[in-house]
Amino acid sequence: MSETNTLEKPDLKIDQDEGNFSYPEDYAFDAGTGLTEKTIDYICEAKEDPDWVREFRKKALKVFKDKPLPTHWASKDLENIHFDDFRYYLSKGAKPKRTWDEVPDDVKRTFERLGIPEKERAFLAGVEAQFDSEAAYSNIKKAVAEQGVIFVGSREGLKDHPEIFRKWFGKVIPTADNKFSALNSAVFSGGSFIYVPKGVKVKHPLQAYFRINAENFGQFERTLIIVDEGAELTYMEGCTAPKFDSVTLHSAVVELVAMKGAKLQYITVQNWSPNVFNLVTKRGLAHEESEIKWIDCNIGSRLTMKYPGVILKGRKARGEVLSIALANSGQHQDTGAKMIHAADETTSNIISKSISIGSGRATYRGLVHIPRHLKGCKNNTECDALLINTESRTDTYPAIVTRGEGNSVQHEASVSKVSAEQIFYMQQRGLTEGQAMSLSVNGFVNDLVRQFPMEYSVELKRLIDLEMEGSVG
Amino acid sequence: MKSCLEIRGLKAAIGGTEILHGLNLSVPKGEVHAIMGKNGSGKSTLAKVMAGHPDYEVTGGDVLLDGNTILGLEPDVRAREGLFLAFQYPSEIPGVTIANFMRAALNARRPEGQEIDAVEYYNELYQKMDLLKIDRSFTSRAVNDGFSGGEKKKNEILQMAMLEPKYAVLDETDSGLDIDALKIVAHGVNSLRGPKMGILVITHYQRLLDYIVPDVVHVMVDGRIVKSGPKELALEMEKKGYDWVENLVAA
Ligand SMILES: Nc1ncnc2c1ncn2[C@@H]1O[C@H](COP(=O)(O)OP(=O)(O)OP(=O)(O)O)[C@@H](O)[C@H]1O
Ligand SMILES: [Mg+2]
């Protein structure tokens, strides 16, 4: 590379893996390597779980051990996960701090580097910051708490609010839904429990940030959000992990419940390092005239399997999944959406955009189910793929199952390509290769991103830019 | 330091086949030169090699911009150093609007944190579009996506006008243009013409050179410049055909 060229690209090399740092380990609780009943007992004691939770976990462990890996339809790469090599619980203590000053220095510095306290001050109604297995910090703005909004971790949720927690926990996503929901049910720790009372419209988003710091570790947060009648909430989650030579596992379960007329928007900005297996189950239950919207953006990881869904249980309920997946070389994004129509006049909308770069691979897997007896249901599905450079591949499995008349289903799919010739054209105008790719990617996702909240679209654009700079050979 | 775009004994190959066999050419700043030559003689190859297309291998010679070699620089660095290429076959860039594309290209030339002001930018863009009689609705269309052949060529000149390069190579910008569009494009190029820019026009037709009058005409045969002369050479070429030059070379 010439001197001018080096001068033209200043700090990018430092920035491109912005989540790629870790601090030396110093944990008070460590369940050790591998997963047995003993591991579960250790976790229960560390967390001071009630007996019903211990039982729930042990049952789930059995389901997990009995269930085969879904390699008959999913990626064979799952076989490279060696469950005995992970550590399932690491924490400095189960109770989160209420102020950043009380948070241990290394953890605080981690979240400062990721800009969390700053965002909290700028535009959030509350923040939970999870470091490996437990939240290190959790706080909700006083004014929001005074409206009766509960925003705590799963551990406090099940202990302090059992009457709401137990009613919905494991009901939207049963333990046996799939192998990874069973795994999560066995060893879950952290995640958010949120309850928004009737009619309360939370103006600013609540945010959770999930940070993996340790090597050979599995993170299993469990989130349960209930938005009561006529209430509204936007929840955002962000995730990062440092890059290790060994495999990291992230397997969350997220259950949403929107009561009559409620509105719930769940936004994910995921920026995993390329050694993370990200196998997440997310589903919402939408009652009458309510609305659940998943905005799901998957950047990074080695393999992501995630298909956010909505069960449209009440009349006129509405479900939406807007997703963006970016598969860089060596990565596989297997994502999609599930819409289960279970009442008349329910509507669902799925827009999925995937980008594959180099040897990156993006798969869309959808399921839209409208049974025969229902009337006036509508689904719209749009899948667009962008391929940058020729080795990329993309697969679409839309699987739309509609039965009965009087229901309408619309499906569109497109594939576009950015060739080396197009990149050269853009470079000839003075853009670096990374900028050229960024511009194409941003152009491709732009009409979708415009529908996202402002702070989120800015963050997303920044992540795409960093990822593209990093993908230049 | 000489202010010119200089090509010295340039040899270049693609897929193991040498296309340029030691080409010499010099375009001083402030002048307009034309290259004429048969299909396949290597005109576009020359343009792409200068711009740094990764498929071509330079096997000898040099390309200098105001006395400094640009070989070995990334294509985007060459562009920011002031070299512009109007493509014979411009690429379509789906999803990227002309407005965003040009703004990104201009910002790439400015230090970080000193991005071009939006109002200033649009004033500039609209003014250049008016000059080239391009409808303003084009700003929100994706670059070249679904453009007609002529629209693509106009768009190349719009970009040249926006980026104000030191040296511009126009590869068959006249092909696909109707006579009105040809006049508009020529008018655009002529208005950019001046002491600060050197222009190399590649064409098959004398017609373009009636509107963009060159200072020097070069004839290219099989990867070499075989004859150079004043603008009248183009007329002579048109009358006598390429065989005439080829015979000159053979002789
Ligand atoms: N990949 C390749 N492998 C071998 N030869 C190639 C390759 N690409 C181009 N060529 C050859 O290089 C020669 C020069 O092509 P070039 O496009 O530079 O011609 P040109 O003078 O611009 O022609 P035209 O007037 O038709 O635009 C042609 O004979 C062409 O077939
Ligand atoms: Mg050509």
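Residues numbered from 1 in each chain as written. Chains lettered and ligands numbered in written order. Predicted model: local features only at pLDDT ≥ 70, side-chain atom pairs only at ≥ 80, totals over all residues. Heavy atoms only, no water.

### Thoughts on the overall build of chain B
Okay, step 1: For chain B, the count of helices and strands is nine helices and 12 strands.
Okay, step 2: In terms of overall size, chain B behaves like a compact globule, its C-alpha atoms giving a radius of gyration of 18 Å where 251 residues would be expected to give roughly 18 Å.
Okay, step 3: When its C-alpha atoms are laid out on the principal axes, chain B stretches across 60 × 40 × 35 Å.
Okay, step 4: A buried classification covers 53% of the 251 residues belonging to chain B.
Okay, step 5: Residue pairs at least 24 apart in sequence account for 68% of intrachain contacts in chain B once pairs closer than 6 positions are excluded.
Okay, step 6: Approximately 10,700 Å² of chain B is accessible, and the part contributed by carbon and sulfur atoms is 48%.
Okay, step 7: When the 29 basic and 35 acidic side-chain charges of chain B are each reduced to a single mean position, those positions are 3 Å apart. (Helix = DSSP H or I, 4+ residues; strand = E, 2+ residues; numbered from the N terminus. Rg over C-alpha atoms; globule rule 2.2 N^0.38 Å. Buried < 20%, exposed > 50% of the residue type's maximum accessible area, 1.4 Å probe, protein only. Contact = heavy atoms within 4.5 Å. Areas by Shrake-Rupley, 256 points an atom, 1.4 Å probe, with all protein chains shown as cover. Lys, Arg positive; Asp, Glu negative; His and termini not counted. Charge placed at Lys NZ, Arg CZ, Asp CG, Glu CD.)

### Some thoughts on the overall build of chain A
Okay, step 1: For chain A, the helix and strand inventory stands at 13 helices and 25 strands.
Okay, step 2: Since a compact globule built from 473 residues should have a radius of gyration of about 23 Å, the 22 Å found for chain A is in line with a globular shape.
Okay, step 3: Expressed along its principal axes, the backbone C-alpha trace of chain A runs to roughly 65 × 60 × 45 Å.
Okay, step 4: Per-residue burial for chain A yields a buried fraction of 62% across its 473 residues.
Okay, step 5: Here the analysis covers contacts within chain A between residues at least 6 apart in sequence; of these, 84% occur between residues at least 24 apart.
Okay, step 6: Accessible surface, chain A as shown: approximately 18,200 Å² in total, 49% of it carbon and sulfur.

### Overview of the domain arrangement of chain A
Residues and elements named next belong to chain A.
Okay, step 1: By the assigned domains, chain A splits into domain 1 (17-306) and domain 2 (421-473).
Okay, step 2: Here the C-alpha centroids of domain 1 and domain 2 sit 29 Å apart.
Okay, step 3: With 11 residues of domain 1 at the contact, the number on the domain 2 side is 11 residues.
Okay, step 4: Note on domain 1 versus domain 2: buried area summed over both sides is about 1,000 Å², and carbon and sulfur give 72% of it.
Okay, step 5: Linking domain 1 to domain 2 there are one salt bridge.
Okay, step 6: Between Glu459 and Lys119 there is a salt bridge whose closest N-O contact spans 3.6 Å. (Domains from an automatic or database assignment. Buried area = accessible area lost by both parts, 1.4 Å probe. Salt bridge = Lys/Arg side-chain N within 4 Å of Asp/Glu carboxyl O.)

### Description of the side chain of Ser440(A)
Okay, step 1: Following the sequence through the fold, Ser440(A) ends up in helix H12 (residues 433-449).
Okay, step 2: In contact with Ser440(A), not counting residues within four places along its chain, are Leu386(A), Val418(A), Met426(A), Ile93(B) and Val96(B).

### Focus: the coordination of the magnesium ion (ligand 2)
Residue and element names in this part refer to chain B.
Okay, step 1: On the protein side, the magnesium ion (ligand 2) has Ser44 (OG) and Gln88 (OE1) as donor atoms, found 2.0 to 2.1 Å from it. One end of the pair, Ser44, is in helix H1 (residues 43-51); the other, Gln88, is in the loop between strand S6 (83-86) and strand S7 (93-97), and 44 residues separate them in sequence. Residue Ser44 shares its accessibility class with Gln88, and that shared class is buried. (Donors = N, O, S within 2.8 Å, 3.2 Å for Na, K, Ca; no water.)

### A word on the sheet that holds strand S12 (residues 224-229) of chain B
Residue and element names in this part refer to chain B.
Okay, step 1: Here six strands make up an open sheet; going across it, the order is S6-S9-S10-S3-S11-S12 and the pairing mixed. Pairing within the sheet leaves two strands with one partner each, and these edge strands are S6 and S12. On average, each strand axis in the sheet is inclined to that of its neighbour by 20°, with strand direction left out of account.
Okay, step 2: Across the sheet, H1 is in contact with strand S3 (32-37), S6, strand S9 (167-171), strand S10 (198-202) and strand S11 (216-221); its angle to S6 comes to roughly 145°. (Pairing = 2+ DSSP bridges. Axes fitted to C-alpha atoms, helices over the stretch in contact; angles between N-to-C directions.)

### Section: the site of ligand 1
Residue and element names in this part refer to chain B.
Okay, step 1: The environment of ligand 1 is made up of 13 residues, and the closest members are Gly40, Lys43, Ser44, Thr45 and His204.
Okay, step 2: Contact distances for ligand 1 include 2.9 Å between an oxygen atom and a backbone N or O atom of Gly40.
Okay, step 3: Here an oxygen atom of ligand 1 sits 3.0 Å away from a polar atom, N or O, in the side chain of Gln88.
Okay, step 4: Out of a free accessible area of 650 Å², ligand 1 has 62% covered by protein chains. (Near = heavy atom within 4 Å. Polar contact = N/O pair within 3.5 Å; in protein donor to acceptor, adjacent residues only side chain to side chain.)

### Structural notes on the sheet that holds strand S13 (residues 263-272) of chain A
All names here are of chain A.
Okay, step 1: Read across the sheet, 10 strands follow the order S4-S3-S7-S10-S13-S15-S18-S20-S22-S25 without closing on themselves; strand pairing throughout is mixed. Strand pairing shows two members of the sheet lacking a second neighbour, strand S4 (134-140) and strand S25 (408-418), which therefore form its edges. Each neighbouring strand pair of the sheet contributes to a mean axis angle of 5°, computed without reference to strand direction.
Okay, step 2: On top of the sheet, H12 reaches strand S18 (318-327), strand S20 (347-357), strand S22 (378-388) and S25; it is set at about 180° to S20, its chief contact.

### Some words on empty space enclosed by the protein
All names here are of chain A.
Okay, step 1: For the structure on display, the rule yields two cavities of 30 Å³ or more.
Okay, step 2: In this structure, the largest cavity spans a volume of roughly 70 Å³.
Okay, step 3: As for the largest cavity, its lining consists of Ala94, Pro96, Glu128, Glu134, Ala135, Gly153, Ser154, Arg155, Glu156, Gly190 and Gly191.
Okay, step 4: Of all elements in the fold, only S4 and helix H8 (154-160) reach the threshold of two or more residues within the lining of the largest cavity.
Okay, step 5: The leading source of residues in the lining of the largest cavity is H8, at three residues.
Okay, step 6: By residue class, the composition of the lining of the largest cavity is three nonpolar, four polar and four charged.
Okay, step 7: In this structure, the second largest cavity spans a volume of roughly 50 Å³.
Okay, step 8: In this structure, the second largest cavity is lined by Ser352, Ser354, Ala362, Thr363, Tyr364, Cys383, Asp384, Ala385, Thr394, Asp395 and Thr396. (1 Å grid on protein atoms, 1.4 Å probe; cavity = no way out; pocket = protein on both sides within 12 Å on 5 of 7 lines; lining within 4 Å. Points joined across faces, edges and corners; volume = space filled by probe spheres on them. Nonpolar A, V, L, I, M, F, W, Y, C, P; charged D, E, K, R; others polar.)

### Some words on helix H5 (residues 149-163) of chain B
All names here are of chain B.
Okay, step 1: Under the 1.5 Å per step criterion, the end-to-end length of H5 is 22 Å for 15 residues, consistent within 8% with the ideal 21 Å.
Okay, step 2: Burial runs high along H5: 13 of the 15 residues are buried.
Okay, step 3: Immediately beyond the C-terminal end of H5, within one or two residues, lies Glu164, with a positive phi of roughly 45°. (Expected span 1.5 Å × (residues − 1).)

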